[in-house]
Amino acid sequence: MPKENSNGSANSELVLELIEVLKKEASLFETFLELLERQQKALIKNDIDTLNLVTEEQRHRVIEAGILARKREGIIGELSMKDGTRDNYTVTKLIEAVSGGQARVLEQLREVILDLNERIDKVRNQNEMLIDRSREIIMKTMEMLARVKMPDDGYRS
């Protein structure tokens, strides 16, 4: 059975705040996954304008993710200080330490975020492969063009 601290209501509020941050992170990761999928389609179509737009949106989302990560780390740090532990909690440790309802929500959010991270990694790796293949093709084309000699005077009038 999960334990509740003596200052449980303060911890409960922090856990609720953490849940909100994790929900925002999950939503942000869903958006990032959609952007990576749009990027993949643009790479396949060689749509430079869309690639530039998607890249700019990704940059903004990465900044947002950094802000949310700092908030999450701050809340977890506060929770670990209130609990008197020197180590920062992980979400897994926190699930064990909070009440049943909050633990279930945290566990669901953790699973959603882990799944999204796995899917993001897969699409990101596919996009990386597409970019690498494009570079290889460009390099081979440039090598072939460099081997082609300029026509000699026999082709001039």
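Here, every reference points to the structure presented above.
So, how was this worked out
Residues numbered from 1 in each chain as written. Predicted model: local features only at pLDDT ≥ 70, side-chain atom pairs only at ≥ 80, totals over all residues. Heavy atoms only, no water. Helix = DSSP H or I, 4+ residues; strand = E, 2+ residues; numbered from the N terminus. Polar contact = N/O pair within 3.5 Å; in protein donor to acceptor, adjacent residues only side chain to side chain. Expected span 1.5 Å × (residues − 1). Buried < 20%, exposed > 50% of the residue type's maximum accessible area, 1.4 Å probe, protein only. 1 Å grid on protein atoms, 1.4 Å probe; cavity = no way out; pocket = protein on both sides within 12 Å on 5 of 7 lines; lining within 4 Å. Points joined across faces, edges and corners; volume = space filled by probe spheres on them. Nonpolar A, V, L, I, M, F, W, Y, C, P; charged D, E, K, R; others polar. Core = buried A, V, L, I, M, F, W, Y, C linked by side-chain atoms within 4.5 Å. Salt bridge = Lys/Arg side-chain N within 4 Å of Asp/Glu carboxyl O. Contact = heavy atoms within 4.5 Å. Patch = residues over 30% accessible without salt bridge, like charges linked within 9 Å, V, L, I, M, F, W, Y side chains within 5 Å. Areas by Shrake-Rupley, 256 points an atom, 1.4 Å probe, with all protein chains shown as cover.

### Examining unusual backbone geometry
Thought 1: In this structure, N46 is a non-glycine residue whose phi angle is positive, near 60°.
Thought 2: The topology assignment puts N46 in the loop between α1 (8-45) and α2 (48-83).

### Overview of the side chain of S80
Thought 1: With respect to the helices and strands, S80 occurs in helix α2.
Thought 2: A polar side-chain atom of S80 sits 2.9 Å from the main-chain carbonyl oxygen of G77.

### Focus on helix α4 (residues 100-147)
Thought 1: For α4, built from 48 residues, the straight-helix expectation of 70 Å at 1.5 Å per residue is met to within 8% by its first-to-last C-alpha distance of 70 Å.
Thought 2: Within α4, burial applies to Q102, A103, L106, L109, I113, L116, I120, V123 and N127.

### Brief notes about the layout of surface pockets
Thought 1: In this structure, the largest pocket encloses a volume near 240 Å³.
Thought 2: The wall of the largest pocket is formed by 14 residues, among which L22, E25, R72, I76 and V91 lie closest to the centre.
Thought 3: When contributions to the lining of the largest pocket are tallied by element, the ones reaching two or more residues are α1, α2 and α4.
Thought 4: Split into classes, the residues belonging to the lining of the largest pocket amount to 7 nonpolar, 3 polar and 4 charged.

### Re the environment of I44
Thought 1: With respect to the helices and strands, I44 occurs in helix α1.
Thought 2: What makes I44 exposed here is its relative accessible area of 60%.
Thought 3: Sequence separation between I44 and N127 is 83 residues, and the spatial gap between their C-alpha atoms is 9.3 Å.

### Notes on the nonpolar core
Thought 1: Among the nonpolar cores identified, the biggest contains 29 residues, and L18, L79, L94 and L106 are the most heavily contacted of them.
Thought 2: When contributions to this core are tallied by element, the ones reaching two or more residues are α1, α2, α3 (91-97) and α4.
Thought 3: It is α1 that contributes the most residues to this core, 12 residues altogether.

### A look at the pattern of salt bridges
Thought 1: Per the stated rule, a full pass over the model turns up 13 salt bridges.
Thought 2: Between R38 and E57 there is a salt bridge, with the nearest N and O atoms lying 3.5 Å from each other. Here R38 is found in helix α1, whereas its partner E57 is found in helix α2, with 19 residues between them in sequence.
Thought 3: Assessed through its relative accessible area of 28%, E57 is described here as partly exposed.

### Let's talk about α2
Thought 1: Look at α2: 52 Å from first C-alpha to last across 36 residues, which is about the 52 Å you get at 1.5 Å a residue.
Thought 2: Every buried residue of α2 is listed here: L51, V54, Q58, L68, A69, I75, I76, G77, L79 and S80.

### Some words on the environment of L94
Thought 1: When you line up the elements, L94 lands in helix α3.
Thought 2: Separated by 15 residues in the primary sequence, L94 and L79 place their C-alpha atoms 8.8 Å from one another.
Thought 3: In contact with L94, other than residues within four places in its own chain, are L18, L79, Y89 and L106.

### Quick notes on a nonpolar patch on the surface
Thought 1: Residues I138, M142 and L145 make up a contiguous nonpolar surface patch of roughly 320 Å² in combined accessible area.
Thought 2: Its place among the elements puts I138 in helix α4.

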